[in-house]
Amino acid sequence: MKFNILIVEDNVEISNIIKEFFINSEYNCMVAYDGFQALEYFNDNQYHLILLDIMMPGINGFEVLKVIKETSDVPVIIISARKEEIDRLKGFNLGAEDYV
């Protein structure tokens, strides 16, 4: 069985690098470029892992994480350039498994 990963990242270059890495490791990947698209994909498919950016157009990653964790226990790893401790704490308080 192949694992399904949802990559939520609005930067096309970064999302392509992440996607290529996981596809080369034989994972199935979908990429969402904003929060609304992420929630649409999440509602339409089953994922084993979500990699989630925070700063995105539409709704931000914290809001996406909150909605996902209301209905699912899928692991979510936040991938963000935001380094403030308050952001890390907010991510963990909303249910993220890790913040990198």
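To start, this report covers the structure provided alongside it. Predicted, not measured: the structure shown is a model, and the values here were computed from it.

Here's the deal with the packing of helix H2 (residues 35-44) against helix H3 (residues 61-71)
Argument step 1. Closest axis-to-axis distance for the H2/H3 pair is 10 Å, and the angle between their directions is 15°. The orientation of H2 with respect to H3, classified from their angle, is roughly parallel. Of the two possible hands of crossing, H2 and H3 adopt the one that is right-handed. Residues Gly 35, Ala 38, Leu 39 and Phe 42 of H2 lie in contact with H3, whose contacting residues are Val 64, Val 67, Ile 68 and Thr 71.
Argument step 2. Taken together, the residues that form the contact of H2 with H3 break down as six nonpolar, two polar and no charged.

Describing the pattern of salt bridges
Argument step 1. With the rule as written, the count across this model stands at two salt bridges.
Argument step 2. Between Lys 69 and Glu 97 there is a salt bridge, and its shortest N-O distance comes to 3.4 Å. Of this pair, Lys 69 sits in helix H3 while Glu 97 sits in the loop between helix H4 (85-93) and strand S5 (98-99), and the two are 28 residues apart along the sequence.
Argument step 3. Given the relative accessible area of 21%, Lys 69 is considered partly exposed.
Argument step 4. Overall, Glu 97 belongs to the partly exposed group, its relative accessible area being 44%.
Argument step 5. Here Arg 82 and Asp 87 are joined by a salt bridge, their closest N and O atoms 3.0 Å apart.

Structural notes on the sheet that holds strand S3 (residues 49-52)
Argument step 1. One open sheet accounts for five strands, arranged S2-S1-S3-S4-S5; its pairing is parallel. Each of the sheet's edge strands pairs with one partner strand only, and the pair in question is strand S2 (28-32) and S5.
Argument step 2. Of the pairings in the sheet, the one linking strand S1 (residues 4-8) to S3 comprises four bridges and is parallel in character. In the strand pairing of S3, Val 8 is matched with Leu 52.

Quick look at the packing of aromatic side chains
Argument step 1. In the structure shown here, the tally under the stated rule is three aromatic pairs.
Argument step 2. Ring plane angle 45° and centroid distance 6.4 Å describe the contact between Phe 3 and Tyr 27, whose orientation is recorded as tilted. Of this pair, Phe 3 sits in the segment before S1 while Tyr 27 sits in the loop between helix H1 (12-24) and S2, placing them 24 residues apart in sequence.
Argument step 3. For Phe 3, a relative accessible area of 39% puts it in the partly exposed group.
Argument step 4. In this structure Tyr 27 comes out as partly exposed when scored by relative accessible area, which is 31%.

Here is what the cut-offs are and how they apply
Residues numbered from 1 in each chain as written. Predicted model: local features only at pLDDT ≥ 70, side-chain atom pairs only at ≥ 80, totals over all residues. Heavy atoms only, no water. Axes fitted to C-alpha atoms, helices over the stretch in contact; angles between N-to-C directions. Helix = DSSP H or I, 4+ residues; strand = E, 2+ residues; numbered from the N terminus. Parallel < 35°, antiparallel > 145°, perpendicular 65-115°, else oblique. Left-handed = near helix turned anticlockwise from the far one by under 90°. Contact = heavy atoms within 4.5 Å. Nonpolar A, V, L, I, M, F, W, Y, C, P; charged D, E, K, R; others polar. Salt bridge = Lys/Arg side-chain N within 4 Å of Asp/Glu carboxyl O. Buried < 20%, exposed > 50% of the residue type's maximum accessible area, 1.4 Å probe, protein only. Pairing = 2+ DSSP bridges. Phe/Tyr/Trp six-rings, centres within 6.5 Å; stacked < 30°, edge-to-face > 60°.

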